[in-house]
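# Descriptive analysis of the structure
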Amino acid sequence: MAEVPEACLEAGEQLLDELLASGSTSRATALDLLAVDALITYAFQAAADDPARLEERAARAMARIAALPEALKG
């Protein structure tokens, strides 16, 4: 079960990265943004099965997601 949180997080990150790279801010991407939100939310729901690692996972996920816009600049 440990791979489910990571798989969902990676899928959400990848989709968000693609959306950021496209530069699209139109309503056409609203469903994609909702999918990103759902994937990240599900990643943490699945990760709750291992509460001892939840804080570490959250910190790592925030750092990875926060780095996405920076990756586009460089």
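Before going into details, it helps to say that this report is about the structure given with it. (Residues numbered from 1 in each chain as written. Predicted model: local features only at pLDDT ≥ 70, side-chain atom pairs only at ≥ 80, totals over all residues. Heavy atoms only, no water.)

### Quick notes on the packing of helix 1 (residues 3-22) against helix 2 (residues 30-47)
The condition that has to hold: Axes, fitted as lines to C-alpha atoms, cover a helix only where it is in contact. Angles between the N-to-C directions of the axes lie from 0 to 180 degrees. A run of DSSP states H or I qualifies as a helix once it reaches four residues; a run of E qualifies as a strand once it reaches two. Both are numbered from the N-terminal end. Working definition: roughly parallel below 35 degrees, roughly antiparallel above 145 degrees, roughly perpendicular at 65 to 115 degrees, and oblique for all remaining angles. Helix crossings get a hand from a simple test, with the near helix turned counterclockwise from the far one by less than a right angle marking a left-handed crossing and a clockwise turn marking a right-handed one. The contact criterion used throughout is that any non-hydrogen atoms of two residues lie within 4.5 Å. Under the scheme applied, nonpolar residues are Ala, Val, Leu, Ile, Met, Phe, Trp, Tyr, Cys and Pro; charged residues are Asp, Glu, Lys and Arg; polar residues are all the others, including Gly.
At their nearest, the axes of helix 1 and helix 2 sit 8 Å apart, and the two run at 160° to each other. In terms of orientation, helix 1 lies roughly antiparallel with respect to helix 2. As for how helix 1 packs across helix 2, the hand of that crossing is left-handed. Along the contact surface, helix 1 presents Val4, Pro5, Cys8, Leu9, Ala11, Gly12, Glu13, Leu15, Leu16 and Leu19, while helix 2 presents Asp32, Leu33, Ala35, Val36, Leu39, Ile40, Tyr42, Ala43, Ala46 and Ala47. In terms of residue class, the contact of helix 1 with helix 2 is made up of 17 nonpolar, one polar and two charged.

### Some points on the pattern of salt bridges
Here is the rule: Whenever Lys or Arg places a side-chain nitrogen within 4 Å of a carboxyl oxygen from Asp or Glu, that contact is recorded as a salt bridge. The cut-offs for exposure are 20% and 50% of the maximum accessible area for each residue type, with area from a 1.4 Å probe on protein chains only; residues under the lower value are buried, those over the upper are exposed, and the others partly exposed.
Summed over the entire model, instances satisfying the criterion amount to five salt bridges. For Arg60, the salt bridge goes to Glu6, with nearest N and O atoms at 3.3 Å. Of this pair, Arg60 sits in helix 3 (residues 54-73) while Glu6 sits in helix 1; the two residues are 54 residues apart in sequence, bridging distant segments of the chain. When its relative accessible area of 28% is taken as the criterion, Arg60 is described as partly exposed. For Glu6, a relative accessible area of 22% corresponds to the partly exposed category. With its nearest N and O atoms 3.0 Å apart, the salt bridge here joins Arg60 to Glu56. Of the two residues, Arg60 and Glu56 both sit in helix 3, four residues apart, roughly one turn of that helix. The exposure class assigned to Glu56 is partly exposed, which follows from its relative accessible area of 37%. Overlapping salt bridges, with partners in common, bring together Glu6, Glu13, Arg53, Glu56, Arg60 and Arg64 in one network.

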